[in-house]
Amino acid sequence: MISTYTVAPFRPLPTERLVRQLWTRPSGAGVAPTGFVPAADVYREGDDLVARFDLPGVDPERDVTVELEGRRLVVRGERRDQRVVEAPAEEASDDAEQAEGEQPAAGTDEAAEAAPAGRRVREVRFGEFRRTVTLPKTAEADAVRASYDAGVLTVTVAGVFAGRAPQRIEVTRAA
């Protein structure tokens, strides 16, 4: 009896898939795989901690919340889809069957012209998000400032690194 072994060189091994999932999965526990996760840049500027979040297309007054929870700075919110929704094909055919004397509903012709015909590629993500930054020590709410400019939310926690200068420890040789 002859055994046949089929080689599939382009099929990933189970361990490769597991490692790939570990690196691509969002770190937040409640984040949906298709949800929106804003990019963050967190750095030290003197005694202050500065966190910048890319939030283009978000209304900061309505859709963003910045909170302090103990030693955690939590930024949460939602990016909403504000585009015009395309009308289904059935509704479009109903509009064509209207009597000659009737006027179409306001805005239907504009929506039909604005909606692209054919194939759609959607790379922009929408939905709720939550990003957490752990602070080196507890901060007061008065020390936190948040501003939004050109799609970037900048949160500054003043004085959170004050008095935390590194101290050098002398290393001695064992006898």
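Figured I'd write up the structure that's included with this text. Because the structure is a prediction, the values reported are computed rather than measured.

**Comments concerning the overall build of the chain**
In terms of regular secondary structure, the chain is built from four helices and seven strands. In sequence order, the secondary structure elements of the chain are arranged as α-β-β-α-β-β-α-α-β-β-β. Within the chain, the fraction of its 175 residues that count as buried is 18%. By sequence separation, contacts in the chain at least 24 residues apart represent 66% of the contacts at least 6 residues apart. Counting every atom, the chain has about 14400 Å² of accessible surface; 50% of that belongs to carbon and sulfur.

**Observations concerning the sheet that holds strand 6 (residues 144-149)**
Strand order in the open sheet formed by four strands is 1-2-7-6, and the pairing between neighbours is antiparallel. Whereas interior strands pair on both sides, the edge strands pair on one side only; in this sheet they are strand 1 (40-45) and strand 6. Averaged over neighbouring strand pairs, the angle between their axes works out to 15° when direction is ignored.

**Quick look at the pairing of strand 4 (residues 72-79)**
The pairing of strand 3 (residues 64-69) with strand 4 spans six bridges and is classified as antiparallel. Paired with threonine 65 across the bridge in strand 4 is arginine 76. Linkage of strand 3 to strand 4, two consecutive antiparallel strands, is achieved through a turn of two residues, within which glycine 70 is found at a positive phi near 65°. As judged from the eight bridges shared by strand 4 and strand 5 (residues 127-134), these two strands associate in the antiparallel manner. The partner of glycine 77 across the bridge, within strand 5, is phenylalanine 129.

**Structural notes on unusual backbone geometry**
Glycine aside, residues mostly have negative phi, and peptide bonds are mostly found in the trans state. For alanine 150, which is not glycine, the phi dihedral falls at a positive 55°. Its place among the elements puts alanine 150 in the loop between strand 6 and strand 7 (152-157). Alanine 150 sits in the exposed class, given a relative accessible area of 73%.

**What to know about the side chain of threonine 156**
Residue position: threonine 156 is located in strand 7. In contact with threonine 156, other than residues within four places in its own chain, are Asp48, Leu49, Val50, Ala143, Val144 and Arg145.

**Concerning the pattern of salt bridges**
Scanning all chains against the criterion turns up seven salt bridges. Where glutamate 67 meets arginine 76, a salt bridge forms, and the shortest distance between an N and an O atom there is 3.5 Å. Across the pair arginine 130 and glutamate 69 runs a salt bridge, and its minimum N-O distance is 3.9 Å. Of the two residues, arginine 130 sits in strand 5 while glutamate 69 sits in strand 3, which places them 61 residues apart along the sequence. Residue arginine 130 is classed as partly exposed on the basis of its relative accessible area of 41%. According to the relative accessible area criterion, glutamate 69 is partly exposed, its value standing at 28%.

**Side note on the environment of leucine 68**
The residue leucine 68 is located in strand 3 in this model. Along the primary structure leucine 68 and valine 133 are separated by 65 residues, whereas in three dimensions their C-alpha atoms are 9.8 Å apart. Beyond its immediate chain neighbours, meaning those up to four positions away, leucine 68 contacts Leu73, Leu135, Ala139, Glu140, Ala141 and Val144.

**Description of the nonpolar core**
Counting 18 residues, the largest nonpolar core has Leu49, Phe53, Leu55, Val75, Leu135, Leu153 and Val157 as its most contacted members. What leucine 49 contacts, discounting residues up to four positions off in sequence, is Val42, Tyr43, Val133, Leu135, Val155, Thr156, Val157, Val160 and Phe161.

Reading the values: the criteria
- Residues numbered from 1 in each chain as written.
- Predicted model: local features only at pLDDT ≥ 70, side-chain atom pairs only at ≥ 80, totals over all residues.
- Heavy atoms only, no water.
- Helix = DSSP H or I, 4+ residues; strand = E, 2+ residues; numbered from the N terminus.
- Buried < 20%, exposed > 50% of the residue type's maximum accessible area, 1.4 Å probe, protein only.
- Contact = heavy atoms within 4.5 Å.
- Areas by Shrake-Rupley, 256 points an atom, 1.4 Å probe, with all protein chains shown as cover.
- Pairing = 2+ DSSP bridges.
- Axes fitted to C-alpha atoms, helices over the stretch in contact; angles between N-to-C directions.
- Salt bridge = Lys/Arg side-chain N within 4 Å of Asp/Glu carboxyl O.
- Core = buried A, V, L, I, M, F, W, Y, C linked by side-chain atoms within 4.5 Å.

The values are spatial; any link to function lies outside them.
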